[in-house]
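# Coordinates in review
Residue-level listing of the chains:
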2 protein chains.
Amino acid sequence: MDATPGRLAIIAGSGRLPAMLAEAEPDALIVAFDGTEVSLPEPRIQRHRIEKLGGLFKSLKQAGVTRVVMGGAWARPEISPLKADALMLRLAPRIMQAIKGGDDGILRLVIEVFEDQGFAVMGAHEVRPDLTVAPGQIAGPKPRSEAMVDLPRARAILDALAPVDVGQGCVVADGLCLGIETLQGTDALLRFVGETPPRLRGNRRGVLVKWPKRGQDLRVDMPAIGPQTIEAAAKAGLEGIAIAAHKVLILDRPGVEAACTRHKIFLLAEAT
Amino acid sequence: MDATPGRLAIIAGSGRLPAMLAEAEPDALIVAFDGTEVSLPEPRIQRHRIEKLGGLFKSLKQAGVTRVVMGGAWARPEISPLKADALMLRLAPRIMQAIKGGDDGILRLVIEVFEDQGFAVMGAHEVRPDLTVAPGQIAGPKPRSEAMVDLPRARAILDALAPVDVGQGCVVADGLCLGIETLQGTDALLRFVGETPPRLRGNRRGVLVKWPKRGQDLRVDMPAIGPQTIEAAAKAGLEGIAIAAHKVLILDRPGVEAACTRHKIFLLAEAT
């Protein structure tokens with residue numbers, strides 16, 4: 001990073017990450033698209049329409065912004081072509097192409113567009129490296145050896161899916177795959193696992209592996225867990241969670257550790 | 001098939017397939033493991049404990065059985081080692097190994113064991129070829145061209161999963177993966193898809209692809225759809241379903257066609 005880095009803009013989605021990024025750089029400009037719920041005071045937020053990217057870039061430059069970080073969750077935006085500004089119209093063909101290519105396609109395009117405009121795009125883990133962890137046991141009880149057999153299987157399933165741009169999470173119990181994360185996210189996956197009929201589930205518990213897609217650009221859609229992930233895992237009857245060291249954000253680590261202790265759920269970080 | 005084939009035994013799971021197989025061969029012996037719900041009159045069923053495979057094989061041979069077909073759905077059985085007979089004890093190490101290898105592992109072992117005992121193991125599609133279909137449109141409206149883009153993406157996702165022995169079904173809408181079938185089956189997958197929050201789903205409908213795993217032995221766990229699959233797809237808001245020609249069973253084709261017409265859901269069979 002430059003010795004005197006320019007101002008940071010946080011493109012804020014929903015969830016608690018934007019506020020955590022803002023803590024690290026109190027001077028940061030907070031930007032959000034119309035319609036996004038952001039957990040920061042509205043007066044701090046500069047709002048833009050997704051159709052007016054030209055206007056967004058202009059106001060970022062006027063505010064002295066040289067670095068941009070995206071944080072939080074987004075629903076895929078509905079774009080009204082009638083409201084598009086000149087820049088957005090020029091981008092339209094690339095956007096249409098990216099939409100067909102899965103989620104990472106559109107996110108990669110967002111990075112490209114910011115970089116084309118001269119901004120440095122950072123990952124949340126670069127702004128807040130303290131939100132990731134080194135390999136090792138992070139919280140909860142020591143895993144049983146049986147659980148340690150399910151972890152590599154869950155990772156193999158996610159690895160298999162990487163080329164088709166699907167899957168940041170997978171639950172495996174006794175070798176059986178009980179769920180794969182899709183668009184709906186980790187909490188929905190864990191609810192689904194928890195609804196497995198007893199005649200299929202038996203007395204199996206299972207583990208969640210939360211991992212970036214192989215080859216994923218961590219500057220967008222970086223996987224994250226928080227206390228609600230642990231609560232959801234407990235409700236789903238799981239015995240533990242493994243995350244990728246340095247590549248998964250832990251939002252509210254004390255809350256995560258307390259939930260792991262309370263529910264006797266192990267949390268491991270494994271080397272990537 | 002032999003000119004004078006020996007008697008057929010139907011190893012019956014739950015669902016309507018066992019009765020459909022019995023229709024094709026009224027002379028067939030119906031066998032079921034204790035605890036399996038079978039939709040045939042109980043007096044027609046010869047019951048066995050899963051732990052007493054030696055006894056099962058003996059009684060099949062006494063009844064003149066030379067061919068075996070498995071049909072229906074099974075929960076993975078709980079096996080009580082204390083009740084195992086001599087044959088079952090000899091098989092124990094292979095069973096333990098197979099259990100770790102995912103669902104296909106245990107099913108492949110079942111076939112091997114029957115074949116070791118001299119039985120010919122048939123697929124349900126061989127006993128009832130009329131339950132599968134040739135490529136073409138089977139029912140419902142003509143698919144929109146947008147849906148035809150989602151079908152190959154869903155197939156690519158299933159193909160990617162085949163090496164890790166997961167996935168006979170996948171839902172894709174506008175390029176986005178909304179769900180992947182795991183142990184819980186197609187109906188659970190479709191319920192999950194139907195619960196996608198509107199802010200993520202938007203006005204996307206989506207398609208289900210139902211396909212055997214690449215390299216799957218069709219003699220066990222052959223994919224199947226029935227009228228309830230169409231009903232579940234309608235509830236999930238889908239616009240259509242594609243199945244593998246000749247490799248997916250349609251249980252109750254008139255019922256399936258009527259449901260497709262009623263809910264305006266297309267059903268295609270595609271060449272494999």
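Just above, that's the structure.
The sections below set out a description of the structure shown in this document. What you see is a predicted model; the values in this text were computed from it and never measured.

Along the chain, the position of Thr196 of chain A falls in the loop between α7 (186-194) and α8 (198-201). By relative accessible area, Thr196 of chain A is classed as buried at 7%. At a separation of 2.7 Å, a polar atom in the side chain of Thr196 of chain A contacts the main-chain carbonyl oxygen of Val193 of chain A. One polar contact links Thr196 of chain A to Gln184 of chain B, side chain to side chain, over a distance of 2.8 Å. Excluding residues that lie within four positions of it along the chain, Thr196 of chain A makes contacts with Arg201 of chain A together with Gln184 of chain B.

Below, the discussion takes up the pattern of salt bridges. Under the defined criterion, the tally for this structure stands at 40 salt bridges over all chains. The partner of Arg262 of chain B in a salt bridge is Glu231 of chain B, and the shortest N-O contact between them spans 2.6 Å. Residue Arg262 of chain B is found in helix α10 (residues 253-263), and its partner Glu231 of chain B is found in helix α9 (residues 227-235); the two are separated by 31 residues along the sequence. Look at the salt bridges and you will find they share partners, linking Glu23, Arg128 and Asp130 of chain A into a network.

We now examine the packing of α9 of chain B against α10 of chain B. Residues and elements named next belong to chain B. At a minimum axis distance of 8 Å, the contact between α9 and α10 shows a crossing angle of 15°. Put simply, α9 runs roughly parallel to α10. Where α9 crosses over α10, the handedness of that crossing is right-handed. Residue-level inspection shows Pro227, Ile230, Glu231 and Ala234 of α9 in contact with α10, the latter providing Gly255, Val256, Ala259, Cys260, Arg262 and His263. Here the residues of the contact of α9 with α10 sort into 6 nonpolar, 2 polar and 2 charged.

Turning to the relation of the copies chain B and chain A, a few remarks are in order. With an RMSD of 0.0 Å, the operation that places chain B on chain A is a rotation of 180° combined with a shift of 0.1 Å along the axis. What the rotation and shift describe, once combined, is the action of a two-fold rotation axis. Residue Ala160 of chain B of chain B places its C-alpha closer to the rotation axis than any other residue of that unit, at 2.8 Å. Take the interface residues of chain B: 100% of them recur as interface residues in chain A, which is what a same-surface contact looks like.

On to the sheet that holds strand β5 (residues 120-122) of chain B, then. Each strand in a sheet pairs with its neighbour through backbone hydrogen bonds, running either in the same direction (parallel) or in the opposite one (antiparallel). Residue and element names in this part refer to chain B. Sheet architecture is open: 5 strands sit in the order β3-β2-β1-β4-β5, paired in parallel fashion. For this open sheet the edge positions go to β3 (45-48) and β5, each flanked by a neighbour on one side alone. For this sheet, the mean inter-axis angle between neighbouring strands, taken without regard to orientation, is 30°. Alignment of strand β4 (residues 65-71) against β5, held across 3 bridges, turns out to be parallel. Paired with Arg67 across the two strands is Ala120, which belongs to β5.

Residue and element names in this part refer to chain A. The 6 strands are arranged β6-β13-β11-β9-β7-β8 in an open sheet whose pairing can be described as mixed. Of all strands in the sheet, those with a lone pairing partner are β6 (136-139) and β8 (176-180), marking the two edges. The sheet shows a mean angle of 25° between the axes of neighbouring strands, taken without regard to direction. Bridge analysis of strand β11 (residues 240-244) against strand β13 (residues 266-270) gives 5 bridges, and the strand direction is parallel. Its bridge partner being in β13, Ala242 is matched across the sheet by Leu268. Helix α10 (residues 253-263) contacts β6 and β13 of the sheet and is inclined by roughly 85° relative to β6.

Thresholds, definitions, all that
- Residues numbered from 1 in each chain as written.
- Chains lettered and ligands numbered in written order.
- Predicted model: local features only at pLDDT ≥ 70, side-chain atom pairs only at ≥ 80, totals over all residues.
- Heavy atoms only, no water.
- Helix = DSSP H or I, 4+ residues; strand = E, 2+ residues; numbered from the N terminus.
- Buried < 20%, exposed > 50% of the residue type's maximum accessible area, 1.4 Å probe, protein only.
- Polar contact = N/O pair within 3.5 Å; in protein donor to acceptor, adjacent residues only side chain to side chain.
- Contact = heavy atoms within 4.5 Å.
- Salt bridge = Lys/Arg side-chain N within 4 Å of Asp/Glu carboxyl O.
- Axes fitted to C-alpha atoms, helices over the stretch in contact; angles between N-to-C directions.
- Parallel < 35°, antiparallel > 145°, perpendicular 65-115°, else oblique.
- Left-handed = near helix turned anticlockwise from the far one by under 90°.
- Nonpolar A, V, L, I, M, F, W, Y, C, P; charged D, E, K, R; others polar.
- Least-squares fit on C-alpha atoms with pLDDT ≥ 70 in both.
- Pairing = 2+ DSSP bridges.

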